[in-house]
Amino acid sequence: MSYLYKKYFQLDSKFLKKIEKAEEKIQPSINLIKEIVLDNQAKVLRAFKENRVSEFHFAGSTGYGYHDIGRQVLENIYAEAFNGEEALVRTHFVSGTHTLFVCLDALLSPAETLLSAAGAPYDTLQKVIGINTLPQKGTLAAKGVSYRQVDLTPEGRLDFQELERVLKKIKSVTVVLLQRSRGYAWRPSVSLAEIEKLSNLIKKINPNIIYFVDNCYGEFVNPVEPLEIGADLIAGSLIKNPGGGLAPAGGYAVGRKDLIELIADRLTAPGLGKEVGATLAHNRSLFQGLFLAPHAVGEALKTAIFAAALLEEYGFEVSPTFGEERGDIVQAVRFTQPDYLLSFCQGIQKHSPVDSYVQPQPANMAGYGDKVIMAAGTFIQGASLEMTADAPYRSPYTAYLQGGLTFEHGKIALIGAIKEVLETINRNKE
Ligand SMILES: *Cc1c(COP(=O)(O)O)cnc(C)c1O
């Protein structure tokens, strides 16, 4: 290890030993990630070549955005890379939550039932659906959409027996939502095998049911995407994996043509659909971001695996462990004590390229039930393919770490954050 690096952190030999040990342990996982990145890069490159991308596609449009050839080609590339018939890729989606809401609202009519297959969905979606809240205008519940969920097994896996029972019993289910990523929950991400098995189950019981995968944080983590193994529709955020760290905002949906058309009509207006939506000056960063995404996701995965190994060396409980199969870029760490969690998140922020001097504190945030602490020293506000750590401020004080556009930065920030936690532990001892 270089002298400067040691000096920057003033790491003692004990700390250095642990870093070396963590690096050794993760080598097989790092090699596997290299293979996945290569596969996904090839997939994305092929889509670029087949769509004959050229400089003029980056120009963008204004006003209504009719005949925006760049936008159309970008959407064709997304469709191809994720194996869907059609795609909607827009900066007009303000976030992942908005994208998922527009999809659900477009697909669900009054008296129909939405079934969540992996327990309670992501915090912000609970408000969208209208779970656990007073009746509120604009939610799916207010429109007359019913909601059911099938909880995960105690091991955090899909409960296929219960899913089969519910799907057979409740005939009004028209959409099954599967959240692939763990979100803010201590559970494994849904594996490719489970995604495929659920598809087979749904198609067996009622092939008209729409199988919709919330693909946030899952893109390019595996060599296979949900649409290749039976999903009808996927959606996610452009300031996570597929934006490659460059997309300034937005969301995407890819899948069956008829579904994308409904969703486009809901995003813009019935009859307008995909034909409108000015891209202004954003086309280039969406193209280039997608091109870089497989590599950037690989860097984030390496960072997560290194974090799992090193935090485990220090006796913290992590999920997943460094060698476990992954379906998202999220790394959870249980700190059990609020001040350790705080130190960790503040440490990640302290070693970020933007707002490094800011000390994040737990605060209320729109869409979330508990106070949330967020470390996001990012170029794009809140973009979590960049190195970020966040946590709902509740027991057992679990941090959710994700991103890292470069493994080198991920490593530095992580070492810095662990150092902050160790200092807090030592201070408590005095
Ligand atoms: C991030 C995320 C969302 C919501 O995305 P935002 O862009 O934060 O609104 C939904 N589902 C999952 C699994 C996520 O990780």
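Structure: see above.
Remember, it's a predicted structure, so these values are computed and weren't measured experimentally. (Residues numbered from 1 in each chain as written. Predicted model: local features only at pLDDT ≥ 70, side-chain atom pairs only at ≥ 80, totals over all residues. Heavy atoms only, no water.)

A.B. asks: Which residues make up the packing of helix α2 (residues 13-50) against helix α9 (residues 283-313), and what values do they have?
C.D. replies: Their axes nearest at 8 Å, the elements α2 and α9 cross at an angle of 160°. Here α2 is positioned roughly antiparallel relative to α9, judged by the angle of their axes. Crossing hand, α2 versus α9: right-handed. Taken together, the residues that form the contact of α2 with α9 break down as 19 nonpolar, five polar and seven charged. (Axes fitted to C-alpha atoms, helices over the stretch in contact; angles between N-to-C directions. Helix = DSSP H or I, 4+ residues; strand = E, 2+ residues; numbered from the N terminus. Parallel < 35°, antiparallel > 145°, perpendicular 65-115°, else oblique. Left-handed = near helix turned anticlockwise from the far one by under 90°. Nonpolar A, V, L, I, M, F, W, Y, C, P; charged D, E, K, R; others polar.)

A.B. asks: Please provide a residue-by-residue account of the packing of α9 against helix α11 (residues 407-429), values included.
C.D. replies: One way to put it is that α9 packs onto α11 with a least axis distance of 9 Å and a crossing angle of 30°. One finds that α9 runs roughly parallel with respect to α11. The crossing of α9 and α11 is right-handed. Together, E299, K302, T303, F306, A307, L310 and L311 of α9 and F407, E408, G410, K411, L414, I415 and I418 of α11 make up the contact between the two elements. The residue makeup of the contact of α9 with α11, split by class, is eight nonpolar, two polar and four charged. (Contact = heavy atoms within 4.5 Å.)

A.B. asks: Please give an account of the site of the ligand that cites residues and values.
C.D. replies: Around the ligand, the neighbouring residues are S95, G96, T97, L100, Y122, Q179, S181, D214, C216, Y217 and K240. Taking G96, its main chain carries an N or O atom lying 2.7 Å from an oxygen atom of the ligand. A distance of 2.7 Å is found between a nitrogen atom of the ligand and a side-chain nitrogen or oxygen belonging to D214. By residue number, the principal contributor to the shell around the ligand is helix α4 (residues 96-107), which donates three residues. (Near = heavy atom within 4 Å. Polar contact = N/O pair within 3.5 Å; in protein donor to acceptor, adjacent residues only side chain to side chain.)

A.B. asks: An account of the sheet that holds strand β5 (residues 210-214) is requested, with residue identities and associated values reported.
C.D. replies: If you trace the seven strands from one edge of the open sheet to the other, you get β1-β7-β6-β5-β4-β2-β3, paired in mixed fashion. If you trace the sheet from one side to the other, it starts and ends with β1 (86-90) and β3 (146-149), each paired once. Recorded for the sheet is a direction-independent mean angle of 20° between the axes of neighbouring strands. Here strand β6 (residues 233-237) pairs with strand β7 (residues 251-255) via five bridges, running antiparallel. Each bridged residue has a counterpart across the sheet, and for S237 the counterpart in β7 is G251. Most of the contacts of helix α7 (residues 192-205) go to β5, to which it runs at about 160°, and overall it touches β4 (173-179) and β5. (Pairing = 2+ DSSP bridges.)

A.B. asks: Got a sec to walk through the pairing of β7? Specific residues and values, please.
C.D. replies: In terms of burial, β7 is a largely internal element, five of the five residues being buried. Pairing between β1 and β7: five bridges, direction antiparallel. From the neighbouring strand, A87 faces β7, where its bridge partner is V254. (Buried < 20%, exposed > 50% of the residue type's maximum accessible area, 1.4 Å probe, protein only.)

A.B. asks: So, the sheet that holds strand β9 (residues 331-334): which residues are in play, and what are the values?
C.D. replies: One key point about sheets: their strands pair by backbone hydrogen bonds, in either a parallel or an antiparallel sense. Reading across from one edge, β8-β9-β12-β11-β10 is the order of the five strands in this open sheet, with antiparallel pairing throughout. Taken across any chain shown, the strands that pair with only one partner, and hence form the sheet edges, are β8 (317-319) and β10 (372-375). Ignoring strand direction, the axes of neighbouring strands in this sheet form an average angle of 20°. Both strand β11 (residues 388-392) and strand β12 (residues 398-402) contribute to a ladder of three bridges, which runs antiparallel. When the bridges of β12 are listed, T388 appears paired with Q402.

A.B. asks: How would you sum up the packing of aromatic side chains? Please name residues and give values.
C.D. replies: Each aromatic ring pair is described using two quantities: the centre-to-centre distance and the angle formed by the ring planes. This model, assessed by the stated rule, comprises 15 aromatic pairs. By way of ring pairs, the aromatic residues F48, F58, F287 and F291 are connected into one cluster. For K411, the ring lying beneath its charged end belongs to F306, and the centroid distance is 5.6 Å. (Phe/Tyr/Trp six-rings, centres within 6.5 Å; stacked < 30°, edge-to-face > 60°. Lys NZ or Arg CZ within 6 Å of the ring centre and 35° of its normal.)

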